[in-house]
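Here is how the chains run, residue by residue.
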Amino acid sequence: MIELVGVNKHFGLHHVLKDVTLDVPSGQKLVIIGPSGSGKSTLIRCINMLERPSSGTVTVDGIEVTAHRAPIAKVRQQVAMVFQSFNLYPHKTVLENVTLAPIVVSGVSKEEATESGLRYLERVGLSEKADKYPAQLSGGQQQRVAIARALNMHPKIMLFDEPTSALDPEMIQEVLEVIIGLAQGGITMLVVTHEMGFAREAADRVIFMDDGMILEDGTPEHFFENPQNDRTKLFLSKILR
Amino acid sequence: MTELFERIGFLQQGPFSVPRWEALFANMDLLWDGVLVTLLVASLGLVLALALGTVIGVMSASHSKVLRGLARAYVEFYQNTPLLIQVFMIFNALPILFTGMFIPVIVIGILGVGMYHGAYIAEVVRAGIQSIGRGQLEAALSQGFSYVGAMRHIIIPQAMRVVLPPLTNQAVSLIKNTSVLAVIAGGDLMYAGDAFAGRYGHYGPTYVVVGLLYFVMCFPLARLARKLELRAKEA
């Protein structure tokens, strides 16, 4: 479903991704773990081309998005992203946030987008907030709306870029529960997170990144019980105490 | 009462004497015609300036070096040359470009103030767009919006609130700047005043009244700008 081959990314002199190769089959729930600055956010942002790799190829659902004049906007409709800072549209109501892109970008009728949008809002437990504005919601609620907004594009792939890192501790769980619920379905999911409990519970594959490279790649059991790389061990010892 | 007035010297003779005032008030029609032309040029000029300013502002906030360069060149050219010279250029260039075509002076005025203030509005629009966090553009792009679609549906509606007060100030400047039309016989308020004043030498009262008329057109807008600014601050 997603294939990265020899991907490098430079920000000026900073070499953020170093020759990364990664193959994510359809339906996989992949959790990406690593210290800050290890390149994990940049990695998933290369998948929907919010960052353009300096070299290498990225192929999403059979389309090479790194190719010249690739239909990136088309691919992005299939690849929904949930951001650390939610990025809801503050001038739109919750329902409008959820229906705007389906109507304007995908050309879905307003009735249809509203109907499915309300369904997804219900799924994240927020249908009664449909007419509120984002600023009237708590951080956890905003992030759940952002997930409903992503879902209403009916994506094949969902990218989560540290979805709980900007949340107060008491709100992390409500968002994680929604994501764990989604992980039961067939969507391909890539989740950058520091939530180890979530990785154990929801992932069927965990990769560990440091310094722009993938250092560990395996099942959650392998990752937590039997890590091979020294830097992974060091990281886990700091995080798991 | 009249006796009292008769004793006040400057009302009897000089630039502000009563007969001059009377002559002006008898000919106010001329000034009203000028007001209409000024309002027409200002409103159509503002439409042009807003359209140009939005397009060029979006260009200068874009990632394309070419678009940014073009936008920069436009803005720098129009901001760093006098409007008066620009209007002269249009006045003299248009008949060469469109030989044999009659171009009303009003059109030159609309083009002149429209293009000039378009440059200033472009800067206002650029600053407004850049005041909206990068996350908004990324969210829109990640949903499959094109750059222009993201601007139209997500960024510009949010930038509007920030941009409205300085835009209103631009409208005020634009109204005042339509007065350059006077130098090419534009029929606007300044020209109407000039023409009337010059014919009989009634400069004093005419310029006072013309100035007041500009004030009446601009002051409400300036107040509006202030109000919008306060509201933007509250939000």
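Rules behind the numbers
- Residues numbered from 1 in each chain as written.
- Chains lettered and ligands numbered in written order.
- Predicted model: local features only at pLDDT ≥ 70, side-chain atom pairs only at ≥ 80, totals over all residues.
- Heavy atoms only, no water.
- Salt bridge = Lys/Arg side-chain N within 4 Å of Asp/Glu carboxyl O.
- Helix = DSSP H or I, 4+ residues; strand = E, 2+ residues; numbered from the N terminus.
- Axes fitted to C-alpha atoms, helices over the stretch in contact; angles between N-to-C directions.
- Left-handed = near helix turned anticlockwise from the far one by under 90°.
- Contact = heavy atoms within 4.5 Å.
- Nonpolar A, V, L, I, M, F, W, Y, C, P; charged D, E, K, R; others polar.
- Buried area = accessible area lost by both parts, 1.4 Å probe.
- Polar contact = N/O pair within 3.5 Å; in protein donor to acceptor, adjacent residues only side chain to side chain.
- Buried < 20%, exposed > 50% of the residue type's maximum accessible area, 1.4 Å probe, protein only.
- Pairing = 2+ DSSP bridges.
- 1 Å grid on protein atoms, 1.4 Å probe; cavity = no way out; pocket = protein on both sides within 12 Å on 5 of 7 lines; lining within 4 Å.
- Points joined across faces, edges and corners; volume = space filled by probe spheres on them.
- Core = buried A, V, L, I, M, F, W, Y, C linked by side-chain atoms within 4.5 Å.
- Phe/Tyr/Trp six-rings, centres within 6.5 Å; stacked < 30°, edge-to-face > 60°.
- Lys NZ or Arg CZ within 6 Å of the ring centre and 35° of its normal.

(A) The arrangement of the pattern of salt bridges in detail. In the structure shown here, the tally under the stated rule is 16 salt bridges over all chains. The partner of A:D217 in a salt bridge is A:R205, with the nearest N and O atoms 2.8 Å apart. Taken together, the residues A:D217 in strand β10 (residues 213-218) and A:R205 in strand β9 (residues 205-210) connect sequence positions twelve residues apart. Across the pair B:E138 and B:R134 runs a salt bridge, and its minimum N-O distance is 3.7 Å. Remark: B:R134 and B:E138 occur in helix α8 (residues 134-142); sequence separation between them is four residues, near one turn of the helix. Each of A:R45, A:E51, B:R134 and B:E138 takes part in one network of salt bridges that share partners.

(B) Representation of the packing of helix α7 (residues 105-131) of chain B against helix α9 (residues 147-177) of chain B within the structure. All names here are of chain B. Between α7 and α9, whose axes approach to 8 Å, the crossing angle comes to 145 degrees. As α7 runs across α9, the sense of the crossing is right-handed. Of α9, the residues touching α7 (which contributes V113, Y116, H117, Y120, I121, V124, V125, G128, I129 and S131) are M151, I155, A159, V162, V163, P166, L167, Q170, S173, L174 and N177. Residues that form the contact of α7 with α9 fall into these classes: 15 nonpolar, six polar and no charged.

(C) Inspection of the interface of chain B and chain A at higher detail. Contacts between chain B and chain A engage 14 residues on the former and 21 residues on the latter. Here chain B packs against chain A, burying approximately 1,500 Å² in sum over the two surfaces, 57% of which is carbon and sulfur. The largest share of the area that chain B buries against chain A comes from B:E138, B:S142 and B:Q143, three residues that together contribute 39% of it. Across the chain B-chain A interface, the total number found is one salt bridge. For A:R45, the salt bridge goes to B:E138, with nearest N and O atoms at 2.6 Å. At the junction of chain B with chain A, the criterion picks out six residue pairs in polar contact (both at pLDDT 80 or more). When residues of the side of chain B that touches chain A are traced back to their parent elements, those giving at least two are α8 and α9 of chain B.

(D) Representation of the side chain of A:S38 in the model. Residues and elements named next belong to chain A. With respect to the element layout, S38 can be found in the loop between β3 (29-33) and α1 (40-47). Since its relative accessible area comes to 1%, S38 is described here as buried. A distance of 2.7 Å separates a polar side-chain atom of S38 from the backbone oxygen of P35. S38 has contacts with V16, M209, D210, D211 and G212, leaving out every residue within four places of it along the chain.

(E) Summary view of the sheet that holds strand β1 (residues 2-11) of chain A. Residues and elements named next belong to chain A. Sheet architecture is open: four strands sit in the order β2-β1-β4-β5, paired in antiparallel fashion. Of all the strands in the sheet, the pair left with one neighbour each is β2 (14-24) and β5 (63-64). Judged from the two bridges that link them, strand β4 (residues 55-60) and β5 form a sheet pairing that is antiparallel. Each residue of the ladder has a partner; that of T59, found in β5, is E64. Across the face of the sheet, α1 comes into contact with β1, β2 and β4 while running at roughly 60 degrees to β2.

(F) Structural context of the layout of surface pockets. Size it by volume and the largest pocket reaches roughly 380 Å³. Forming the boundary of the largest pocket are 17 residues, of which A:M49, A:L50, A:R76, B:H63 and B:L141 lie nearest the centre. Those elements that place two or more of their residues in the lining of the largest pocket are α2 (72-78) of chain A together with α8 of chain B. A total of four residues in the lining of the largest pocket trace back to one element, the largest contributor, which is α8(B). Among the residues forming the lining of the largest pocket, the class breakdown is eight nonpolar, two polar and seven charged.

(G) Local environment of the sheet that holds β3(A). All names here are of chain A. Ordered by their spatial adjacency, six strands build an open sheet running β6-β7-β8-β3-β9-β10, and the pairing between neighbours is mixed. Each end of this open sheet is capped by a strand with a single partner; those strands are β6 (79-82) and β10. Ignoring strand direction, the axes of neighbouring strands in this sheet form an average angle of 15 degrees. Here β6 pairs with strand β7 (residues 157-161) via four bridges, running parallel. When the bridges of β7 are listed, V79 appears paired with I157.

(H) Fine view of the nonpolar core. Formed by 86 residues in total, the largest nonpolar core has its most connected members in A:I32, A:L43, A:I47, A:L190 and B:L31. No other element matches α9(B), which puts ten residues into this core. With near-sequence residues (within four places) excluded, A:L190 lies in contact with A:I2, A:V24, A:L30, A:I32, A:I44, A:I47, A:M158, A:L159 and A:F160. Listed in part, the 47 residues of the second largest apolar core include A:L167, A:V178, A:F208 and A:F223.

(I) Fine view of empty space enclosed by the protein. Tallying each qualifying case throughout the model produces two cavities of 30 Å³ or more. Around the largest cavity sit A:R76, A:A80, A:M81, A:F83, A:R149, A:A150, A:M153, B:A139, B:S142 and B:Q143, which together line it. Considered as a void within the structure, the second largest cavity measures approximately 40 Å³ in volume. Residue lining of the second largest cavity: A:K29, A:L30, A:V31, A:M189, A:V191, A:F198, A:A202 and A:A203, and that is the complete set. Within the residue set of the lining of the second largest cavity, elements represented by two or more residues are β3, β8 (188-192) and α7 (196-202) of chain A. A per-element tally of the lining of the second largest cavity places β3(A) first, with three residues. Counted by class, the lining of the second largest cavity contains seven nonpolar, no polar and one charged residues.

(J) Representation of the packing of aromatic side chains. All names here are of chain A. Applying the stated criterion across every chain, the model contains ten aromatic pairs over all chains. Here a set of aromatic residues connected by ring pairs shows up, and it is made of F208, F223, F224 and F235. Positioned above the aromatic ring of Y89 is the side chain of R149, whose terminal nitrogen or guanidinium carbon lies 4.6 Å from the ring centre.

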